[in-house]
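Descriptive structure summary
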Amino acid sequence: VEDDYLEIWNLVFMQYEKAADGSLTPLPRPSIDTGMGLERITQVKQGFTNNYDTDLFTPAMDVVQELLRHSDEERKANYVGYRVIADHVRAATFVIADGVRPGNDGAEYVLRMVIRRAARFGRDMGFSQPFMAHVAGAYIQHMGEAYPELIAQMEHIKRTLTQEEERFSRTLDNALVQLERVLEDATDKQIPGHVAFDLYATHGLPLEITRDLAEERGFTVDEAGYLVAKAEHALASGS
């Protein structure tokens, strides 16, 4: 018997809400979650062992390869960047279609973060101009029939992605200079939380990107301290 298994179905019976004291309150609508999402169904039906080899993602990665004029070998060597861009641009495409704009809090911050993280990987792979609108176009083309809001919001999606890429590009060079100084001054291989927050609040570098870049250099980020600094900033600014 083979030791490798792929879980495709995991029944979770949701019947109660459990309180901190251990008491159980029946849910108004008990349900069963199978975990059998679109990606997993597609992966199994198409016979792959990961989501990124399915046709949910390959058209977008084909666009990235075409734009960069990468060989198949170069694409394989940069597979992490390809996957990050494909995943993040897909998420951003749908979120923008739902009416969210890049911003500093909640869903708006998440959108800004995924766009900027994809932009950073794209830059590392050779992009010098905005590219995400082209990648989003692959999703709109291949998924627009099932999700007509993508077609209806196509120009808005592409414009929002490009504007955020351009905004981030203007700040990234300076942010990276500041991060380099921080890494030179960091003790115990850790970036203090308040410094990481300043990199975002002042220089537009989201925590997730700071963490990525720090880990590549063997550093960590005091994320608990980051949250404290963020809360203090919100209190001081009244936001």
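Summarised in this report is the structure supplied together with it. The numbering scheme is per chain: residues are counted from 1 as the chain's sequence reads. Side-chain atom pairs in this predicted model are given and counted only at pLDDT of 80 or more, local residue features only at pLDDT of at least 70, and totals for whole chains, interfaces and linings cover all residues. Values reported for side chains reflect all heavy atoms of the structure, with hydrogen atoms and water molecules removed beforehand.

Notes on helix α2 (residues 58–68)
Along an α-helix, residues three or four positions apart point the same way, because every turn accommodates 3.6 residues. Threshold: Note on exposure labels: buried denotes an accessible area under 20% of the residue type's maximum, exposed denotes more than 50%, and partly exposed covers the range between, all computed with a 1.4 Å probe on protein chains only. Only DSSP runs of H or I reaching four residues or more are called helices, and only runs of E reaching two or more are called strands; each is numbered from the N terminus. Contacts between residues were defined by any pair of non-hydrogen atoms, one from each residue, lying within 4.5 Å.
All buried positions along α2 are accounted for by P59, A60, M61, V63, V64, Q65 and L68. Where α2 is buried, its residues contact α3 (72–77), α4 (79–97), α5 (106–125) and α6 (132–143).

Quick notes on the pattern of salt bridges
A pair can form between side chains of opposite charge whenever their charged atoms are brought close. How we decide: In the sections that follow, a salt bridge refers to a side-chain nitrogen of Lys or Arg positioned within 4 Å of a carboxyl oxygen of Asp or Glu.
According to the stated counting rule, one finds twelve salt bridges in the structure shown. Among the ionic contacts, a cluster of salt bridges with common partners joins R117, R120, D124, D212 and E216.

Describing the environment of V114
With respect to the helices, strands and loops of the structure, V114 is situated in helix α5. Looking at V114, the relative accessible area reads 12%, which means it is buried. Linking V114 and D87, residues 27 residues apart in sequence, is a C-alpha distance of 9.0 Å.

Describing the nonpolar core
Definition in use: Only buried Ala, Val, Leu, Ile, Met, Phe, Trp, Tyr and Cys residues count toward a nonpolar core, and they belong to the same one when joined by side-chain atoms within 4.5 Å.
Counting residues in each nonpolar core, the largest one holds 59 residues, and the members touching the most others are I85 and V135. Counting only elements with at least two residues in this core, the list comes to α2, α4, α5, α6, α8 (154–185), α9 (193–201), α10 (207–216) and α11 (223–237). Ignoring sequence-local partners within four residues, the contact set of I85 consists of V64, A118, F121, G122, M125, F131 and V135.

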